[in-house]
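The lines below spell out each chain.
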Amino acid sequence: FNGGGHIGYGVPPSQRGKGYATLMLKLSLEYAFSLGIEEILLTVEPHNHASAKVIQNNGGLFAGEGDLRGEVVYKYWFRKPTRT
């Protein structure tokens with residue numbers, strides 16, 4: 001709960017800025033929710049503005065700071081969408 005997270009992803013420097021991370025996270029969230037996971041935690045280091053933007057663009061809700069091996073991370077939660 002304090003650090004780490006459920007999903008990780010990476011994009012090679014030569015492919016950054018093309019929307020791949022946003023799509024990877026979107027598809028990963030859809031898959032995780034399809035497995036019955038209802039809450040998903042992602043963390044990002046404070047200096048990683050690009051990854052924070054990817055998380056925010058996918059609807060991540062900022063939940064404050066956590067600690068991962070002695071380093072500060074920002075926590076974001078995703079909750080499974082409810083059908084109406």
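Residues numbered from 1 in each chain as written. Predicted model: local features only at pLDDT ≥ 70, side-chain atom pairs only at ≥ 80, totals over all residues. Heavy atoms only, no water.

Chemist: Sorry if this is basic, but what is going on with helix α2 (residues 49-57) here?
Modeler: Every buried residue of α2 is listed here: Ser 51, Ala 52, Val 54 and Ile 55. All buried residues of α2 fall inside an arc of 155° around its axis, so they share one side. Facing away from the buried side of α2 by over 90 degrees, the exposed positions are His 49, Ala 50, Lys 53 and Asn 57. For α2, the elements touching its buried residues are α1 (20-34), β1 (39-44) and β3 (71-79). Among the residues trailing α2, Gly 59 stands out with phi positive, at a value near 95°. (Buried < 20%, exposed > 50% of the residue type's maximum accessible area, 1.4 Å probe, protein only. Helix = DSSP H or I, 4+ residues; strand = E, 2+ residues; numbered from the N terminus. Arc of directions from axis to C-beta. Contact = heavy atoms within 4.5 Å.)

Chemist: Explain the pattern of salt bridges here, please?
Modeler: Oppositely charged side chains can form a pair if their charged atoms are brought close together. Scanning the entire structure with this criterion turns up two salt bridges. Between Glu 30 and Lys 26 there is a salt bridge, with the nearest N and O atoms lying 2.8 Å from each other. Of the two residues, Glu 30 and Lys 26 both sit in helix α1, four residues apart, roughly one turn of that helix. A relative accessible area of 42% places Glu 30 in the partly exposed class. Given a relative accessible area of 39%, Lys 26 falls into the partly exposed group. Note that Glu 39 and Arg 79 form a salt bridge whose closest N and O atoms lie 3.0 Å from each other. Taken together, the positions of Glu 39 in strand β1 and Arg 79 in strand β3 put the pair 40 residues apart, joining distant regions of the chain. (Salt bridge = Lys/Arg side-chain N within 4 Å of Asp/Glu carboxyl O.)

Chemist: What am I meant to see in the sheet that holds strand β2 (residues 61-68) here?
Modeler: Consider a sheet: its strands pair through backbone hydrogen bonds, and that pairing is either parallel or antiparallel. Within the open sheet, the three strands sit side by side as β1-β3-β2. Their pairing is antiparallel. Since the sheet does not close on itself, it has two edges, and those belong to β1 and β2, each with one partner. The mean angle between the axes of side-by-side strands here comes to 35°, regardless of whether they run parallel or antiparallel. Relative to β3, β2 runs antiparallel, the two sharing six bridges. Looking across to β3, one finds that Gly 66 is bridged to Val 73. (Pairing = 2+ DSSP bridges. Axes fitted to C-alpha atoms, helices over the stretch in contact; angles between N-to-C directions.)

The analysis is restricted to geometry; functional conclusions fall outside its scope.
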